[in-house]
Amino acid sequence: MKEISVKYLTTSVEKTVWLGQQLGAQLISGDIIALIGDLGGGKTWFTKGIAIGLEIDPNNIVSPTFTLVNEYRGGRQQIFHIDLYRLKNNIEILDLDLEDYFSREGIVVIEWADRWPGRLPESKIHVKLKMIDEHTRELEFFGNHYRAKEIIGALKEIAGRNLKQL
Ligand SMILES: Nc1ncnc2c1ncn2[C@@H]1O[C@H](COP(=O)(O)OP(=O)(O)O)[C@@H](O)[C@H]1O
Ligand SMILES: [Mg+2]
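Remember, predicted model here, so these are calculated numbers, not experimental data.

So, on to the overall build of the protein chain. When helices and strands are counted, the protein chain shows 4 helices and 8 strands. Beginning at the N terminus, the succession of helices and strands in the protein chain can be written as β-α-β-α-β-β-α-β-β-β-α-β. In terms of overall size, the protein chain behaves like a compact globule, its C-alpha atoms giving a radius of gyration of 15 Å where 166 residues would be expected to give roughly 15 Å. The principal-axis extent of the C-alpha atoms belonging to the protein chain is close to 45 × 35 × 30 Å. Taking the contacts inside the protein chain whose residues are at least 6 apart along the sequence as the reference set, 67% of them involve residues at least 24 apart. On the protein chain, roughly 8,200 Å² of surface is accessible, and the fraction owed to carbon and sulfur atoms is 49%. Positive and negative charge centroids in the protein chain, built from 21 and 23 side chains respectively, lie 5 Å apart.

Counting buried positions along helix H2 (residues 43-53) yields 8 of 11 residues, so the element is predominantly enclosed. When H2 is considered as a whole, its buried residues turn out to be Lys43, Phe46, Thr47, Lys48, Gly49, Ile50, Ala51 and Gly53. Summarising the contacts, the buried residues of H2 are in contact with helix H1 (13-26), strand E2 (32-36), strand E4 (79-83), strand E5 (107-111), strand E6 (125-133) and strand E7 (136-143).

Right, let's talk about the site of ligand 1 for a bit. With respect to spatial proximity, 16 residues lie near ligand 1, and among them Thr16, Gly40, Lys43, Thr44 and Arg137 are the closest. A distance of 2.7 Å is found between an oxygen atom of ligand 1 and a side-chain nitrogen or oxygen belonging to Lys43. Note that a nitrogen atom of ligand 1 is positioned 3.0 Å from one of the backbone N or O atoms of His135. Coverage of ligand 1 by the protein chains reaches 77% of its 570 Å² of free accessible surface. Contributions of two or more residues to the shell around ligand 1 are made by H1 and H2. Take the shell around ligand 1: its biggest share by element is 3 residues, from H2.

On to the coordination of the magnesium ion (ligand 2), then. Protein-derived coordination of the magnesium ion (ligand 2) comes from Thr44 (OG1) and Glu111 (OE), at a distance range of 2.2 Å. Here Thr44 is found in helix H2, whereas its partner Glu111 is found in strand E5, with 67 residues between them in sequence. With a relative accessible area of 22%, Thr44 lands in the partly exposed category. Taking the relative accessible area as the measure of exposure, Glu111 reaches 3% and is therefore buried.

Looking now at the sheet that holds E4. Paired through backbone hydrogen bonds, the strands of a sheet run either parallel or antiparallel to each other. Judged by pairing direction, the sheet is mixed, and its 8 strands sit side by side in the order E3-E4-E5-E2-E6-E7-E1-E8 without closing on themselves. Among the strands making up the open sheet, the edge pair consists of strand E3 (69-72) and strand E8 (164-165). Lying over the sheet, helix H4 (residues 146-159) contacts strand E1 (4-10), E6 and E7, oriented at roughly 40 degrees with respect to E1.

Applying the stated criterion across every chain, the model contains 7 salt bridges. The salt bridge partner of Glu71 is Arg104, with a shortest N-O separation of 3.9 Å. With Glu71 in strand E3 and Arg104 in the loop between helix H3 (91-95) and E5, this pair connects stretches of sequence that are 33 residues apart. Its relative accessible area of 34% is what places Arg104 among the partly exposed residues. Residues participating in the shared-partner salt-bridge network are Asp31, Arg147 and Glu150.

What counts as what
- Residues numbered from 1 in each chain as written.
- Chains lettered and ligands numbered in written order.
- Predicted model: local features only at pLDDT ≥ 70, side-chain atom pairs only at ≥ 80, totals over all residues.
- Heavy atoms only, no water.
- Helix = DSSP H or I, 4+ residues; strand = E, 2+ residues; numbered from the N terminus.
- Rg over C-alpha atoms; globule rule 2.2 N^0.38 Å.
- Contact = heavy atoms within 4.5 Å.
- Areas by Shrake-Rupley, 256 points an atom, 1.4 Å probe, with all protein chains shown as cover.
- Lys, Arg positive; Asp, Glu negative; His and termini not counted.
- Charge placed at Lys NZ, Arg CZ, Asp CG, Glu CD.
- Buried < 20%, exposed > 50% of the residue type's maximum accessible area, 1.4 Å probe, protein only.
- Near = heavy atom within 4 Å.
- Polar contact = N/O pair within 3.5 Å; in protein donor to acceptor, adjacent residues only side chain to side chain.
- Donors = N, O, S within 2.8 Å, 3.2 Å for Na, K, Ca; no water.
- Pairing = 2+ DSSP bridges.
- Axes fitted to C-alpha atoms, helices over the stretch in contact; angles between N-to-C directions.
- Salt bridge = Lys/Arg side-chain N within 4 Å of Asp/Glu carboxyl O.

Remember that the coordinates give geometry; whether it matters functionally is a separate question.
Written out as structure tokens, the structure is:
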């Protein structure tokens, strides 16, 4: 299937959070959000936005450390927040049974998703965050699964009215 994509510029943390919230509001169980981009790109702030969209307190969202995954409940869907920044080797993925999260009821958000060994499930939606300057980030959404098409299509409707689309 052909890839669909859209790019936005956010000029503040709040705008990145807002965009995350618009995405979060679309999500249903089984969706996988693969975040990529450098340290300080805004992946964790964007994840807080996703949490707001799922009616989860964003203050609970912190980067998982030792276990590489945090679980947040109490919202419309639970979030499994994986962060591969501290991934030491690929065995850890197996040891921690991270793959199991893809078949759980809930939403999986992965920071540093490009460090995932092998292939992520087809249904993933990629968000690539790029640092433009101190307060500006470029967020590119892409994917080729039908869920990516639905979600990116909806984002274009909502976000296009409020943010600069590139
Ligand atoms: N437009 C923006 N969107 C998101 N974060 C921004 C933006 N402008 C500046 N920042 C800063 O960039 C940093 C992003 O941090 P974080 O979300 O933890 O990044 P990552 O998880 O990608 O390493 C924060 O210090 C935040 O204040
Ligand atoms: Mg982070």
